[in-house]
Amino acid sequence: MAYLLAIESSCDDTSAAVLNDDLLLSNMIAGQKVHEIYGGVVPELASRAHLQNIVPVVDTALKTAGIDKRQLEAIAFTRGPGLLGSLLVGVSFAKAMALSLDIPLVEVNHLQAHVLSHFLRTPQYSHAPKFPFLCLLVSGGHTQILQVNAPDNFKVLGGTIDDAAGECIDKAAKIMGLPYPGGPVIDKLAQAGDGQRFRIAKPRIPALNYSFSGLKTSFLYLVRDGLKKDPDFITRNLNHLCASVQQAVVDCLLEKLVAACRQTGIHQVAIAGGVSANSLLRGQLERQASLHGWEAFIPPFSFTTDNAAMVGIAGYFKLQQKAFCPMSAVPYARS
Ligand code: KG4
Ligand code: ZN
């Protein structure tokens, strides 16, 4: 039995979690509203907000877990990839706290943490895939299909050659004048729309790779041409526009995932990352799973977007191996 504190600060969420082995005791997340008016994350503002949030977020995580900081056995932190200034806040805080408590540090890769979130246990939830499994990792910064052979053995089968799926959805939202982040807003508005109403060109990319920049441009032209004919084109068609762009992105994502399953013969299939909160993607994955006889792993909503619980479970696997990291570790922006 070991208590672990985990810290996540790679982008615009300051988060701290406490785990007892693989059992999640608390997971606090402080989002940053400051970016909304800019239509995207402003790195300098993100670092400043992390500085303001980190102490109360860690304090609340410990209190909610009902433990004292002196009971901690180790501290896990996101070392990268992410925004350097944001990462620096979490990394420096983790180092200072580990030093003052005289306990070891565990470094975690943010992308691996998203994937390993499936191994988190809560009193209400436990549904972990068996190795090897496939994971479609879809977030604002990444879109990859991974073959996960073990907690520390990931093989990238394919990935985006340009924009990430979340980035594409966020940009589509911006084109329609919707707030940032666009993903949850588009998801909600799409519920009342017809996903087949507008044709959006889908890319043809070889192997298990993705491309979303052409899809985004096709959507931009659709809206631009619509506005030329009708200045109220967006407001009149908002639900259908949201449903159509969401449908196009989800179709692309699933097409390659089906191909990856066929290619590898692996039928344990997971999704992870912020875009895995999308209701169409979740529903379509279930559909494909029952069609092809896969077992699908869909994370609870609280583990989809950035959170420290996933950093904690990735740290837990490393802690078992006693894979500690030195005090000299510095954050990295790219994986
Ligand atoms: O994993 P995440 O929190 O941060 C990164 O590591 O990037 O993912 C954020 C992304 C954003 O692009 C956001 O719009 C998207 O996840 N997202 C969604 C939904 N919720 C969040 N996209 C589609 N549907 C959603 N419900
Ligand atoms: Zn993320």
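Residues numbered from 1 in each chain as written. Chains lettered and ligands numbered in written order. Predicted model: local features only at pLDDT ≥ 70, side-chain atom pairs only at ≥ 80, totals over all residues. Heavy atoms only, no water.

Notes on the overall build of the chain
Looking only at helices and strands, one finds 9 helices and 10 strands in the chain. For the chain, the spread of C-alpha atoms along the principal axes amounts to about 65 × 45 × 35 Å. For the chain, the proportion of its 335 residues judged to be buried stands at 54%. Contacts in the chain between residues at least 24 apart in sequence constitute 72% of all its contacts with a sequence separation of at least 6. Approximately 14700 Å² of the chain is accessible, and the part contributed by carbon and sulfur atoms is 54%. Taking the average location of the 29 positive side-chain charges in the chain and that of its 27 negative ones, the two points are 5 Å from each other. (Helix = DSSP H or I, 4+ residues; strand = E, 2+ residues; numbered from the N terminus. Buried < 20%, exposed > 50% of the residue type's maximum accessible area, 1.4 Å probe, protein only. Contact = heavy atoms within 4.5 Å. Areas by Shrake-Rupley, 256 points an atom, 1.4 Å probe, with all protein chains shown as cover. Lys, Arg positive; Asp, Glu negative; His and termini not counted. Charge placed at Lys NZ, Arg CZ, Asp CG, Glu CD.)

Focus: helix α5 (residues 182-190)
Among the residues of α5, those classed as buried are Gly 182, Ile 186, Asp 187 and Ala 190. For α5, the buried positions fall inside an angular range of 135° around the axis, keeping them on one side. In this structure, α5 carries Pro 184 and Lys 188 as exposed residues pointing more than 90 degrees from its buried face. On its buried face, α5 is in contact with α4 (165-175), α7 (233-264) and α8 (279-292). (Arc of directions from axis to C-beta.)

Details of the coordination of the zinc ion (ligand 2)
Donor atoms from the polypeptide that bind the zinc ion (ligand 2) are His 110 (NE2), His 114 (NE2) and Asp 306 (OD), placed at 2.0 to 2.1 Å. Donor residues for the zinc ion (ligand 2), ordered by position in the chain, follow H-x3-H-x191-D. Placement of the pair is His 110 in helix α3 (residues 110-116) and Asp 306 in the loop between β10 (295-297) and α9 (308-320), with a sequence separation of 196 residues. Just as His 110 is buried, Asp 306 falls in that class too. (Donors = N, O, S within 2.8 Å, 3.2 Å for Na, K, Ca; no water.)

Some words on a nonpolar patch on the surface
A surface patch of nonpolar side chains, about 330 Å² in accessible area, is lined by Val 34, Ile 37 and Tyr 38. Examined against the element boundaries, Tyr 38 turns out to sit in the loop between β3 (23-30) and α1 (43-65). (Patch = residues over 30% accessible without salt bridge, like charges linked within 9 Å, V, L, I, M, F, W, Y side chains within 5 Å. Salt bridge = Lys/Arg side-chain N within 4 Å of Asp/Glu carboxyl O.)

Thoughts on the site of ligand 1
Near ligand 1 you find 17 residues, and of these Gly 140, Asp 170, Asp 187, Gly 274 and Asp 306 are the closest. Taking Ser 139, its side chain carries an N or O atom lying 3.5 Å from an oxygen atom of ligand 1. Here ligand 1 loses 89% of its free accessible area of 550 Å² to cover by the protein chains. In terms of residue count, the dominant contributor to the shell around ligand 1 is α5 (3 residues). Here the shell around ligand 1 is built from residues that sort into 4 nonpolar, 10 polar and 3 charged. (Near = heavy atom within 4 Å. Polar contact = N/O pair within 3.5 Å; in protein donor to acceptor, adjacent residues only side chain to side chain. Nonpolar A, V, L, I, M, F, W, Y, C, P; charged D, E, K, R; others polar.)

Concerning the pairing of β3
By the bridge criterion, 7 bridges tie strand β2 (residues 14-20) to β3 in an arrangement that is antiparallel. Residue pairing across strands places Ala 17 opposite Asn 27, the latter belonging to β3. Turn length for the β2-β3 hairpin, with the two strands adjacent in sequence and antiparallel, is 2 residues, and the turn residue Asp 21 shows positive phi of about 55°. (Pairing = 2+ DSSP bridges.)

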